[in-house]
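What follows is each chain in one-letter form.
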Amino acid sequence: MDLVENAIGRLVPTEVEGRKLRPFQGAHADKGGGRTAGAPIRAASQFRNKLLKSLDEAIDACDIKDGMTVSFHHHLRDGDYVVNMVMDKLARRGLKDLVVAPSALFPCHEPLVRHIEKGVVRRVEGSMNGPVGRACSLGKMPSVCVLRSHGGRYRAIQDGDLHIDVAFIAAPAADAHGNANGLYGKSACGPLGFALADSLYADKVVVITDNLVPFPCYPWSIQGGNVDYVVQVEAIGDPSRIVSGTTVITRSPTRLLIAKYAAQLVVDSAIMYEPHFSFQAGAGGVSLAFVQYMAEHMARAHVVADFVRGGSTQYMVDLLNRGLTHFILDGQSFDLAGVQSLRDNPRHIETNPFVSYNYHTKGCFAQMVKVSVLGATEVDLDFNVNVNTHSDGWLLHGIGGFTDAADAEVTIITAPLVRGRVPIIVDKVVTVTAPGEMIDVVVTERGIAINPRRKDLLQRLKRSSLPIVPIEKLYRMAIDMTGQPEKPTFTDRIVALIEFRDGTVIDAVRQLVPKA
């Protein structure tokens, strides 16, 4: 396999299994070009009755063969039943070498590992969290997997890099024509935007619902004109596990301090007072605390954000209800308060990766966000960030929307200096998910590092009392606490590509040699 050094010095392949690859050139070096892919042209006269009696009947109708690509979305999160339901049926039919293309996988999808070991699944193209990522690290898949961000996945489908033969879309509410949303029913999960590209570009689309409603099912996040078949099943997910288990504000004094510093930085830099102020924060404990601190600052200063960007949570909904933001722009709901608000409040708007994250568009609103607050497993002295592998080398996380959200005007990484006696600030990250040029600030409980590229931020924070220090000092503090960590050992075999949002390869994950 020929390797080439990309713009951040990582050795990445130029070709994998016949597919030519482009090395990462820079966060905004890609200028687009070419034409988008398209789904087959159909005739409405062939689709008078889409409602089939069973999932088996739908699989028969789709004529799935060895080597095909099947896709899924992840809005049901760790409560999803559909991935395992479909893959078990495909395995029982003796199908082999399938490519699974989910927008994300969770621990509930561990049964996929069995299908990987038996040759049912050849590779995964999407995000891999937990057990499937671990299987990838051990080299259990014969083909090279591809990890993409949410925006990168939409781009890959749109551009034809990822062709989907059959898309299976779990729908909490759907009609017999295939119109569907995630707002109603026992499995309500909020938006369905991550399945939009699948519905538009897949050769065949199956909507699977446990809540068949009369036509028209509206709002129609998925439109019936893009759907081949509809199937009703008893349950598409476990409602108690659909919402994330992480949506609780941290009680850790250390992590609360990190969130407090991050919010104070937004105030002290005067970003909060700029026109069109907006921010994005995730569902982790530090991010939720950041939202709460921001709410206090904004209320005190009578600041109203143009919008805040979800995943939505109770804390985001509180901002909307208190009049501290005009809108929530929501890609996925992390708790039931988010689902209910999306259903009932017209200023809580469902989004999809085309409008929010896709780099190959005529603009997406990721670059309109003033501040993004994100987590990381590692940050290095060049501000490169790793969210995929742990310091011990295991591939345990997908990219999510990280590299898309990092396109904000100011991207802040919040992380403890040391996590479980493992330093978070390192000399060189195991895997680069996002390049240092996209990361502006690293906030830890022991100090805050500003990327030297952001001279404007350093100038703005000159009078701040925040503990701003060079990142090298944070690194030394971390190493003084933990000692030099042992580096993981890898073979030369590449098991996964980390694809940047523009389709270039920013890094490669190699097969791990587990420690005895």
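Placed above this text is the structure.
Figured I'd write up the structure that's included with this text.

Thresholds applied
Residues numbered from 1 in each chain as written. Predicted model: local features only at pLDDT ≥ 70, side-chain atom pairs only at ≥ 80, totals over all residues. Heavy atoms only, no water. Phe/Tyr/Trp six-rings, centres within 6.5 Å; stacked < 30°, edge-to-face > 60°. Helix = DSSP H or I, 4+ residues; strand = E, 2+ residues; numbered from the N terminus. Buried < 20%, exposed > 50% of the residue type's maximum accessible area, 1.4 Å probe, protein only. Lys NZ or Arg CZ within 6 Å of the ring centre and 35° of its normal. Pairing = 2+ DSSP bridges. Contact = heavy atoms within 4.5 Å. Axes fitted to C-alpha atoms, helices over the stretch in contact; angles between N-to-C directions. Patch = residues over 30% accessible without salt bridge, like charges linked within 9 Å, V, L, I, M, F, W, Y side chains within 5 Å. Areas by Shrake-Rupley, 256 points an atom, 1.4 Å probe, with all protein chains shown as cover. Salt bridge = Lys/Arg side-chain N within 4 Å of Asp/Glu carboxyl O. Right-handed = clockwise from strand over helix to strand, strands pointing away. Core = buried A, V, L, I, M, F, W, Y, C linked by side-chain atoms within 4.5 Å. Disulfide = S-S within 2.5 Å. Arc of directions from axis to C-beta.

Describing the packing of aromatic side chains
Reasoning step 1: Within this structure, the stated rule accounts for seven aromatic pairs.
Reasoning step 2: Consider the rings of Tyr154 and Phe354, whose centres lie 5.5 Å apart with planes at 50°: the pair is tilted. On the criterion of sequence distance, the pair formed by Tyr154 in helix α5 (residues 150–159) and Phe354 in helix α12 (residues 353–356) is long-range, its members being 200 residues apart.
Reasoning step 3: Taking relative accessible area as the criterion, Tyr154 reaches 4% and is therefore assigned buried.
Reasoning step 4: Aromatic side chains Phe307 and Phe365 sit 6.0 Å apart centroid to centroid with 70° between the ring planes, which places their arrangement in the edge-to-face category. Here the residue Phe307 occupies a position in strand β16 (residues 307–309), and Phe365 occupies one in the loop between α12 and β19 (371–374), the gap between them amounting to 58 residues.
Reasoning step 5: On the accessibility criterion, Phe307 (10% relative accessible area) is buried.
Reasoning step 6: The ring of Trp394 carries Arg134 above its face, with NZ or CZ at 4.3 Å from the centroid.

Notes on the sheet that holds strand β14 (residues 229–232)
Reasoning step 1: Spatially, ten strands are ordered β5-β14-β13-β10-β6-β7-β8-β9-β28-β29 in an open sheet, and the strand pairing comes out mixed. Every other strand in the sheet has two partners, leaving β5 (51–52) and β29 (505–513) as the edge strands with one partner each.
Reasoning step 2: Pairing of strand β6 (residues 69–72) with strand β7 (residues 98–102), which is carried by four bridges, proceeds in the parallel orientation. Residue pairing across strands places Phe72 opposite Pro102, the latter belonging to β7.
Reasoning step 3: Here helix α1 (residues 55–62) sits on the sheet and contacts β5, β10 (166–171), β13 (204–209) and β14; the angle it forms with β13, its principal contact strand, is near 175°.

A look at a nonpolar patch on the surface
Reasoning step 1: On the surface, Met1, Leu3 and Leu11 cluster together into a nonpolar patch covering about 300 Å² of accessible area.
Reasoning step 2: With respect to the helices, strands and loops of the structure, Leu11 is situated in strand β2 (residues 11–13).

Points about the side chain of Thr414
Reasoning step 1: With respect to the secondary-structure elements, Thr414 resides in strand β22 (residues 410–414).
Reasoning step 2: Since its relative accessible area comes to 7%, Thr414 is described here as buried.

Brief notes about α5
Along an α-helix, residues three or four apart share an orientation, since each turn contains 3.6 residues.
Reasoning step 1: The buried count for α5 comes to nine of ten residues, which makes it a mostly enclosed element.
Reasoning step 2: For α5, the complete set of buried residues consists of His150, Gly151, Gly152, Arg153, Tyr154, Arg155, Ala156, Ile157 and Gln158.
Reasoning step 3: Looking at the buried side of α5, the elements it contacts are β6, β7, α6 (196–201), α12, α13 (402–405) and β28 (489–499).
Reasoning step 4: Just downstream of α5, Gly160 is the residue with a positive phi angle, here 90°.

Focus: the pairing of β7
Reasoning step 1: Most of β7 sits out of view: five of its five residues are buried.
Reasoning step 2: Neither face of β7 is exposed, since Leu98, Val100 and Pro102 on one face and Val99 and Ala101 on the opposite face are all buried.
Reasoning step 3: For the crossover that starts at β6, traverses helix α2 (residues 82–92) and ends in the parallel β7, the hand is right-handed.
Reasoning step 4: As paired strands, β7 and strand β8 (residues 121–126) are joined by three bridges and run parallel to one another. Bridged to Val100 within β8 is Val124.
Reasoning step 5: The β-α-β motif built from β7, the intervening helix α3 (residues 111–117) and the parallel element β8 has right-handed crossover chirality.

Things to note about the nonpolar core
Inside soluble globular proteins, nonpolar side chains tend to come together where they are buried.
Reasoning step 1: Judged by nonpolar contacts, the single largest core of 105 residues is most densely connected at Ile64, Met87, Phe168 and Phe402.
Reasoning step 2: Among the elements that take part in this core, β10 stands out by supplying six residues, more than any other.
Reasoning step 3: Leu288, Val303, Val317 and Leu320 belong to the second largest nonpolar core, which has 43 residues in total.

Comments concerning the environment of Leu192
Reasoning step 1: Within the fold, Leu192 resides in the loop between β12 (180–181) and α6.
Reasoning step 2: Residues Leu192 and Ser221 lie 29 residues apart in sequence; the distance between their C-alpha atoms is 6.2 Å.
Reasoning step 3: Once residues lying within four places of it in the same chain are set aside, the contact partners of Leu192 are His73, His75, Ala170, Pro172, Ala180, Asn181, Gly182, Ser221, Ile222 and Glu350.

So, the state of the cysteines
Reasoning step 1: Taken as a whole, this structure holds zero disulfides when the rule is applied.
Reasoning step 2: Of all cysteine sulfurs in the structure, the one in Cys145 sits closest to Cys136, which takes part in no disulfide; the separation is 3.9 Å.
Reasoning step 3: When its relative accessible area of 2% is taken as the criterion, Cys136 is described as buried.

Digging into α1
Reasoning step 1: Among the residues of α1, those classed as buried are Leu55, Ala58, Ile59 and Cys62. Mapping the buried residues of α1 onto a view down its axis gives an arc of 100°, with all of them on the same face.
Reasoning step 2: Summarising the contacts, the buried residues of α1 are in contact with β5, α2, β10, β13 and β14.
Reasoning step 3: Of the residues one or two after α1, Asp63 is the one with positive phi, at around 55°.

Describing the sheet that holds strand β26 (residues 441–443)
Reasoning step 1: Strand order in the open sheet formed by eight strands is β18-β17-β16-β15-β19-β22-β26-β27, and the pairing between neighbours is mixed. One side of each edge strand has no neighbouring strand; the edge strands of this open sheet are β18 (348–350) and β27 (448–450). Averaged over all pairs of adjacent strands, the angle between their axes in this sheet comes to 20°, without regard to strand direction.
Reasoning step 2: Here three bridges tie strand β15 (residues 278–281) to β16, and the two strands are oriented parallel to one another. Paired with Gln280 across the strands is Arg309, a residue of β16.
Reasoning step 3: Strand contacts of helix α8 (residues 253–268): β19, β22, β26 and β27, with the helix running at about 165° to β22, the strand carrying the most contacts.

What to know about the pattern of salt bridges
Reasoning step 1: For the coordinates displayed, the defined rule picks out 29 salt bridges.
Reasoning step 2: A salt bridge links Asp198 to Arg153, with the shortest nitrogen-to-oxygen separation between them at 2.7 Å. With Asp198 in helix α6 and Arg153 in helix α5, this residue pair connects regions lying 45 residues apart in the sequence.
Reasoning step 3: A residue is classified by how much of its surface remains accessible, and Asp198, at 2% relative accessible area, is buried.
Reasoning step 4: Residues joined in a network through salt bridges with shared partners are Glu17, Arg19, Arg123, Glu125, Arg148, Arg155, Asp159, Asp161 and Glu499.

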